[in-house]
Amino acid sequence: MTTTRPAEALDQAYAGITAVVGDLDDAGLQRATRCRGWLVADLLLHVLGDAQRALVALASPVDGPADVDDVSYWRDFPSGDDESDRHAWWVRRSAAAFDRPTGIVRLWRDTAPAAVRAAGSANPEGYVTTQGHVLRVPDFLATLTTEAVVHHLDLIPELPEAPPPGPLAARVAVTTMEGLLSDDTVRPAGWDDKDFLLKATGRVPLTDRDRVELGESAGWFPLLG
């Protein structure tokens, strides 16, 4: 598991997203993101779905053992498959059903803190089920944090004043990506954490220099979509 403070990391991740979207008007919420075809409001609705999923999972503990951890969980999520395309289309249509994009922000402000409180109250030795898998509670929280951090970066390319993800939350996401790499891969020295997250998730393509430094490990990228 990637952090000894999983609920704190999730709190930081969700608070970071709130800091990005909290003061945006309807026009700001209709700016583009790094997720193809999704506006800021669309992507926020997607992350809201994660917070809602967290509330359900944390309120419905199950027996172990776990079948995945916070790293192996992601290997079941290839990018660009039919299911992800259908989900993307569903999100766009669902976001458009709100009278105003700011309505999604209000729902996020209600839901995200509730998910964090549930995370803080959950048994750290317990198990939950989500997305067809059983995970230890700390590993589940780490998956939520990783997704929130990556999508925080997706939200901000057209929001130059937006803050970056918090350091504890970002460390969880970076550690997840490192876990998805082969054991003999050395991360290029010139990459900071943001570079690593964007390249590991295919948001930014590898350069020729990256490929030279990574060698055969370049074929692993993107590590997740």
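Summary of the structure given here.

Scoring rules and cut-offs
Residues numbered from 1 in each chain as written. Predicted model: local features only at pLDDT ≥ 70, side-chain atom pairs only at ≥ 80, totals over all residues. Heavy atoms only, no water. Axes fitted to C-alpha atoms, helices over the stretch in contact; angles between N-to-C directions. Helix = DSSP H or I, 4+ residues; strand = E, 2+ residues; numbered from the N terminus. Parallel < 35°, antiparallel > 145°, perpendicular 65-115°, else oblique. Contact = heavy atoms within 4.5 Å. Nonpolar A, V, L, I, M, F, W, Y, C, P; charged D, E, K, R; others polar. Core = buried A, V, L, I, M, F, W, Y, C linked by side-chain atoms within 4.5 Å. Buried < 20%, exposed > 50% of the residue type's maximum accessible area, 1.4 Å probe, protein only. Left-handed = near helix turned anticlockwise from the far one by under 90°.

1. Here's the deal with the packing of helix H5 (residues 137–155) against helix H6 (residues 167–180)
Here's step 1: At a minimum axis separation of 8 Å, H5 and H6 run at an interaxial angle of 100 degrees. In terms of orientation, H5 lies roughly perpendicular with respect to H6. Contact with H5, carried on its side by Ala142, Thr145, Thr146, Val149 and Val150, involves Ala169, Ala170, Val172, Ala173, Thr176 and Met177 of H6 and no other residues of that element.
Here's step 2: For the contact of H5 with H6, the residue count by class is eight nonpolar, three polar and no charged.

2. Notes on the nonpolar core
Here's step 1: Grouped together as the largest cluster of nonpolar side chains are 67 residues, with contacts concentrated most on Tyr14, Val21, Leu58, Trp108, Phe140 and Met177.
Here's step 2: Only helix H1 (6–21), helix H2 (40–58), helix H3 (82–96), helix H4 (102–121), H5, H6 and helix H7 (193–200) provide two or more residues apiece to this core.
Here's step 3: In terms of residue count, H2 provides more of this core than any other element does, eleven residues in total.
Here's step 4: If we skip the residues at most four places from it in the chain, Leu58 touches Ala115, Ala118, Ala119, Ala122, Val128, Val137, Phe140 and Leu141.

3. Quick notes on the environment of Val186
Here's step 1: Here Val186 lies in the loop between H6 and H7.
Here's step 2: Accessibility expressed as a relative area gives 62% for Val186, which makes it exposed.
Here's step 3: The spatial distance from the C-alpha of Val186 to the C-alpha of Val172 is 18 Å, given a sequence separation of 14 residues.

4. What to know about the packing of H2 against H4
Here's step 1: Running from N to C, H2 and H4 point in directions that differ by 30 degrees, and their axes come no closer than 9 Å. By the criterion of interaxial angle, the relationship of H2 to H4 is roughly parallel. The interaxial crossing formed by H2 with H4 has left-handed handedness. Residues Ala41, Leu44, Leu45, Val47, Leu48, Ala51, Gln52, Ala54, Leu55 and Leu58 of H2 pack against Ile104, Val105, Leu107, Trp108, Thr111, Ala112, Ala114, Ala115, Ala118 and Ala119 of H4.
Here's step 2: The residue makeup of the contact of H2 with H4, split by class, is 18 nonpolar, two polar and no charged.

5. Brief notes about unusual backbone geometry
Here's step 1: With omega at 5 degrees, the peptide bond leading from Gly64 into Pro65 counts as cis.
Here's step 2: Relative to the assigned elements, Pro65 resides in the loop between H2 and H3.
Here's step 3: Of the consecutive residues Phe221 and Pro222, the connecting peptide bond is found in the cis state with omega at -5 degrees.
Here's step 4: Mapped onto the elements of the fold, Pro222 is located in the segment after helix H8 (208–214).
Here's step 5: You will see that Gln131, though not glycine, has its phi angle at about 50 degrees, which is positive.
Here's step 6: Within the secondary structure, Gln131 is located in the loop between strand E1 (127–130) and strand E2 (133–136).

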